[in-house]
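What follows is the residue order along each chain.
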Amino acid sequence: MKLANYQARVTRVCFAASPSDDDLLALGHKERWLTYRRMVRTRLVGVVRTALPRTSAAIGDDFAAKISSWFDQRPPASPIFHQLPAEFADFVMPSLPPGQRDLLRFEIAVWSLRAVVEERPTTTELSFEAPIVLQNALEILELEHSSHLKGTDAFEATPTRLLLYRNEEHRVMTLRINPLAHALLQTWRAPHESLAAAVREAALAVGATMGPKFMDSLGGLLADYFKRGIVLGSRPS
C-alpha cells in the first residue's frame, strides 16, 4: 500500500462518522484500530474543550455533534495539537449564533496568544520621532457582544473593543479599549514613520483634536501600556 493511501485510510478510520469495513480490513487488526480511533478522538475533544471551555459550555449538548461533524467533514490537518482548536473554530463558526461566535473568537484569541513565542527586539527610549515598538503577543478584537465577561452578560449585544496581551507572568490579560485607543493600536501595529505620524493618523481616524487634553490622555495611555509591557520603546534608527 502506498504511503498516501495508507494515510488516507488512517484518517478515515479515525475521523469518519463510521469507519468502513474496507478501510479496517486493509489496515488489519480491526479492534486495535477501533481502539486507536477512540483514543485519538477522545484526546482531540479534550484539547478543544480545554481551549474553549466557555464556548463548549455555551453550545451545550450540541457540542459533541459539532465535533463529530468537524471530524467527518473537515478532518484535523495540523500535526500540532495547539493549532487544532483554531481549525475547529473555523469549521464551527458559521453555525453558531452571533453571541457564541464572539465568545469563540475571544477564546481562540486567548488560546493562540498563550503559544506566541516572545520576541524582545532591541529598542531605545520612547520617542515621538521614531516608530513605536509593541510586544508581539497581543491581539485586538472588535466584537458585537461583551464576550470577555462571564455569565449572561457575555451575550449582551454591546459593541466591544478589546486588547489582549501577555503580562510578565505570561498570562493573557484583557483590556477594554475606547475608539481612540483602538485606532492608536491599529496604527502602531502597522508600518509607520514615527510615533508622531501614527498618532496624527489615529486622531484623524476618530475625529479627535490634538489639543492639551488629547496629549494628556495620550501620555497616560503610553505610560500605562509601558508599565504593562505592551509598549517596549522605540525602534532604533
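Conventions we followed
- Residues numbered from 1 in each chain as written.
- Predicted model: local features only at pLDDT ≥ 70, side-chain atom pairs only at ≥ 80, totals over all residues.
- Heavy atoms only, no water.
- Pairing = 2+ DSSP bridges.
- Helix = DSSP H or I, 4+ residues; strand = E, 2+ residues; numbered from the N terminus.
- 1 Å grid on protein atoms, 1.4 Å probe; cavity = no way out; pocket = protein on both sides within 12 Å on 5 of 7 lines; lining within 4 Å.
- Points joined across faces, edges and corners; volume = space filled by probe spheres on them.
- Patch = residues over 30% accessible without salt bridge, like charges linked within 9 Å, V, L, I, M, F, W, Y side chains within 5 Å.
- Areas by Shrake-Rupley, 256 points an atom, 1.4 Å probe, with all protein chains shown as cover.
- Salt bridge = Lys/Arg side-chain N within 4 Å of Asp/Glu carboxyl O.
- Buried < 20%, exposed > 50% of the residue type's maximum accessible area, 1.4 Å probe, protein only.
- Axes fitted to C-alpha atoms, helices over the stretch in contact; angles between N-to-C directions.
- Contact = heavy atoms within 4.5 Å.
- Phe/Tyr/Trp six-rings, centres within 6.5 Å; stacked < 30°, edge-to-face > 60°.
- Core = buried A, V, L, I, M, F, W, Y, C linked by side-chain atoms within 4.5 Å.
- Expected span 1.5 Å × (residues − 1).
- Arc of directions from axis to C-beta.

Q: If you had to explain the pairing of strand S4 (residues 172-176) to someone new, which residues and values would you point to?
A: Two elements, strand S3 (residues 160-166) and S4, share five bridges in a ladder whose sense is antiparallel. Paired with Arg166 across the strands is Val172, a residue of S4.

Q: So what's going on with the layout of surface pockets? Residues and values would help.
A: There is about 300 Å³ of room inside the largest pocket. Counting only elements with at least two residues in the lining of the largest pocket, the list comes to helix H1 (3-15) and helix H3 (30-51).

Q: Before we move on, can you summarise a nonpolar patch on the surface with the specific residues and values?
A: A cluster of nonpolar side chains, namely Phe128, Met210 and Met215, defines an oily patch on the protein surface of about 240 Å² accessible area. Take Met215: its relative accessible area is 34%, and that puts it in the partly exposed class.

Q: A description of the sheet that holds S3 should follow, citing residues and the corresponding values.
A: The strands making up a sheet associate through backbone hydrogen bonding, with each pair oriented either parallel or antiparallel. The strand order across the open sheet built from three strands is S2-S3-S4, with neighbouring strands paired in antiparallel fashion. Each of the sheet's edge strands pairs with one partner strand only, and the pair in question is strand S2 (138-143) and S4. Direction aside, neighbouring strands of the sheet carry axes that sit 20° apart on average. Against the sheet, helix H8 (residues 179-189) engages S2 and S3, with an angle of about 135° to S2.

Q: Quick rundown of the packing of aromatic side chains? Include the residues and the values.
A: Any aromatic ring pair is given by two values, namely how distant the centres are and how the planes are angled relative to each other. Per the counting criterion, the structure on display carries six aromatic pairs. Arranged with centres 6.5 Å apart and planes meeting at 70°, the rings of Tyr6 and Trp33 form a pair that is edge-to-face. Of the two residues, Tyr6 sits in helix H1 while Trp33 sits in helix H3, which places them 27 residues apart along the sequence. Measuring from ring centre to ring centre gives 5.6 Å for Trp33 and Tyr36, while their planes differ by 90°; the resulting arrangement is edge-to-face. With a gap of three residues between them, Trp33 and Tyr36 both fall in helix H3, about one helical turn apart. Taken together, the aromatic side chains of Phe15, Phe63, Trp70, Phe71 and Phe88 make up a single cluster linked through ring pairs.

Q: Outline the nonpolar core, listing residues and values.
A: In this structure, Val48, Leu52, Ile67, Trp70, Phe88 and Leu104 are the most contacted members of the largest nonpolar core, which totals 27 residues. Among the elements of the structure, H1, helix H2 (21-27), H3, helix H5 (63-73), helix H6 (84-92) and helix H7 (98-114) are those that each provide at least two residues to this core. Sorting elements by how many residues they give to this core places H3 first, with six residues. In contact with Leu52, other than residues within four places in its own chain, are Phe88, Leu104, Glu107 and Ile108. If you look at the next biggest cluster of nonpolar residues, it comprises 25 residues, including Leu134, Leu138, Tyr165 and Phe214.

Q: Which residues make up the pattern of salt bridges, and what values go with them?
A: Counted by the stated rule, this structure contains six salt bridges. Between Arg9 and Asp22 there is a salt bridge; the shortest N-O distance is 3.0 Å. One end of the pair, Arg9, is in helix H1; the other, Asp22, is in helix H2, and 13 residues separate them in sequence. When the shortest N-O distance is used, the salt bridge between Arg228 and Asp224 registers 3.0 Å. Of this pair, Arg228 and Asp224 both sit in helix H10 (residues 212-228), four residues apart, which is roughly one turn of that helix. Residue class for Arg228 comes out partly exposed when judged on its relative accessible area of 31%. Shared partners join several salt bridges into a network, and the residues in it are Arg9, Arg12, Asp22 and Asp23.

Q: Now, about H3: what can you tell me, with residues and values included?
A: Given a rise of 1.5 Å per residue, 22 residues ought to cover 32 Å, and the 32 Å separating the end C-alpha atoms of H3 matches this to within 8%. Among the residues of H3, Trp33, Leu34, Arg37, Val40, Arg41, Leu44, Val47, Val48 and Ala51 are the ones counted as buried. Around the axis of H3, the buried residues are gathered within 155° of arc, so they sit on the same side. Opposite its buried face, H3 presents the exposed residues Glu31, Arg32, Arg38, Met39, Thr42 and Thr50, each directed more than 90 degrees away. Here the buried face of H3 lies against H1, H2, helix H4 (53-59), H5, H6 and H7.

Q: Pulling in residues and values, what's your account of helix H9 (residues 195-206)?
A: With twelve residues, H9 ought to run about 16 Å at 1.5 Å a step, and its terminal C-alpha atoms sit 17 Å apart, in line with that. Here the buried face of H9 lies against strand S1 (132-134), H8 and H10. Directly beyond the C-terminal end of H9, a positive phi value near 70° is found at Gly207.

In short, shape yes, function no, at least from these values alone.
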